[in-house]
Amino acid sequence: NEWPAYPGRGLTSDVNLTNQVLLPYLNWLNQNPTKRPQYIIWFYDLPVQVYNDPTNFYSPSYYLHTAAPGIKPFVTCINMRTTNDCKAYIDKLAAFGTNNSLFISASKGGYGNTNYVVDNVREFGYADVGSFVFSATNGLLAAGVSPSSIVYSGTNQPCLAFATNGVCISQLQLPQHQITNATDVAGYISWGSHSTWLGANYAVDGKVKWNGNSAWWVIETVESYNGQRDNPNSGQRGVLDWYSANAFGGTNYLNTPVGAVSHVEEPGLPGINKVEVYFGFWASGKCFGSAAWNSRVTPYFQAVGDPFVTR
């Protein structure tokens, strides 16, 4: 029941979602009063956007999260570009998993991914310079991450003066460089397609490459539409590229993330996930579902990955 006006976007109406998903879900809860799910996984080929008029597109994850009074399950998605991408993600979980264990922890299995990449370099002209992405370091340090394990680039100072063309003068005076290579990655945040040099295809065009033990990490980018499906007009690729076979310099899905937070519609800067909560929870060993949803601040939110994976 996809909306024909946007083929390939994974859109459906709130009427369709209510009749085909929410009402059956609520009926199941009524028939099973002692069962209250804490987690729901939204799989491939299900819609990633719900519209209630031609200009408002919401996340089905948020609808499910708030559908039943008193129950707020952590909803995550395994809905990559293709079925092969989804299968590869599940195979990665199986490769790291252990028998009879609901939570899969790479670090407890001795996997040596220890570094967090905080890339705070972006294109000139944005008014809110530095402090937002920089806050990720606060959460990491509070969780006990060593400063030597935080790979940082950029400024944590606000823009104090703008030129007449909107360019931040103080930025022009700073020796800023994108982080394009890192080793043993456990987490990554950047401005994505808004960055000075990265562009829209940074995850698959070879500009950002991980090395070493970088198969088990989480990602957040400050992009409006990184959770949408094919939408060439947005100039942002996000989830579909992050989980591609050659993402982040890997082959055969080696370097794809194990968890991602994203948005299916414009959240504005106040709607971007609280980075200090997201990375702080992940670094401290809480499961991805908890880290993602406790950092959520918008109904356009979408978490991608298995809710039970942990650092």
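Residues numbered from 1 in each chain as written. Predicted model: local features only at pLDDT ≥ 70, side-chain atom pairs only at ≥ 80, totals over all residues. Heavy atoms only, no water.

A. Just helix α3 (residues 83-96), in detail. Relative to the 20 Å expected for 14 residues at 1.5 Å per residue, α3 spans 20 Å between its end C-alpha atoms, a close match to the ideal helical length. Considering only its buried residues, α3 is in contact with β5 (74-78), β6 (104-105), β14 (301-305) and β15 (309-310). Capping the start of α3, T82 holds a side-chain oxygen 3.4 Å from the backbone nitrogen of N84, two or three residues further along. (Helix = DSSP H or I, 4+ residues; strand = E, 2+ residues; numbered from the N terminus. Expected span 1.5 Å × (residues − 1). Contact = heavy atoms within 4.5 Å. Polar contact = N/O pair within 3.5 Å; in protein donor to acceptor, adjacent residues only side chain to side chain.)

B. Representation of the nonpolar core. Core analysis: the biggest nonpolar cluster contains 71 residues, and Y188, W210, W216, W242, F248 and F279 have the highest contact counts within it. No other element matches the five residues that helix α7 (residues 275-283) contributes to this core. Residue contacts for W242: discarding those within four places in its chain leaves Y202, A203, I219, T221, E223, N226, A247, F248, T256, P257, A260 and V261. (Core = buried A, V, L, I, M, F, W, Y, C linked by side-chain atoms within 4.5 Å. Buried < 20%, exposed > 50% of the residue type's maximum accessible area, 1.4 Å probe, protein only.)

C. Region of interest: the environment of Y25. Tracing the chain through its elements places Y25 in helix α1 (residues 14-31). Residue Y25 is classed as buried on the basis of its relative accessible area of 11%. Between the C-alpha atoms of Y25 and A67, which are 42 residues apart in sequence, the distance is 8.7 Å. Apart from the residues lying within four places of it in its own chain, the contact partners of Y25 are P37, I40, L64, A67, I71 and P73.

D. Quick look at unusual backbone geometry. Look at D45: it is not a glycine, yet its phi comes out positive at around 75°. Inspection of the secondary structure assignment puts D45 in the loop between β2 (39-43) and β3 (49-53). You can call D45 exposed: its relative accessible area is 69%. Although it is not a glycine, D184 sits at a positive phi angle of roughly 55°. Structurally, the position occupied by D184 is in the loop between β9 (181-183) and β10 (185-190).

E. Main features of the pattern of salt bridges. The tally for this structure, following the rule as stated, stands at three salt bridges. K87 is the partner of D91 in a salt bridge, and the nearest nitrogen-oxygen pair spans 3.0 Å. Note that D91 and K87 are positioned in helix α3 at a spacing of four residues, about one turn of the helix. Here D241 makes a salt bridge to R237, at a shortest N to O gap of 3.2 Å. Overall, D241 belongs to the buried group, its relative accessible area being 2%. (Salt bridge = Lys/Arg side-chain N within 4 Å of Asp/Glu carboxyl O.)

F. The packing of aromatic side chains, seen in detail. Under the definition given, this model contains 17 aromatic pairs. Ring geometry for Y188 versus W217: centroids 6.4 Å apart, planes at 70°, classification edge-to-face. Here Y188 is found in strand β10, whereas its partner W217 is found in the loop between β11 (209-211) and β12 (218-221), with 29 residues between them in sequence. Assigned by exposure class, Y188 and W217 land together as buried. (Phe/Tyr/Trp six-rings, centres within 6.5 Å; stacked < 30°, edge-to-face > 60°.)

G. Representation of the pairing of β14. Among the five residues that make up β14, five are buried, leaving the element largely enclosed by the rest of the structure. Relative to β14, strand β13 (residues 259-263) runs antiparallel, the two sharing five bridges. By the bridge assignment, V261 is partnered in β14 with A303. (Pairing = 2+ DSSP bridges.)

H. Structural view of the pairing of strand β7 (residues 115-120). By the criterion of burial, β7 is predominantly enclosed, with six of the six residues buried. A two-sided burial pattern is seen for β7, the buried positions comprising N115, V117 and D119 on one face and Y116, V118 and N120 on the other. As paired elements, β7 and β10 share four bridges and run parallel to each other. Across the sheet, residue N115 finds its bridge partner in β10, namely V185. Alignment of β7 against strand β8 (residues 150-154), held across five bridges, turns out to be parallel. Counterpart to V117 in the pairing with β8 is V151.

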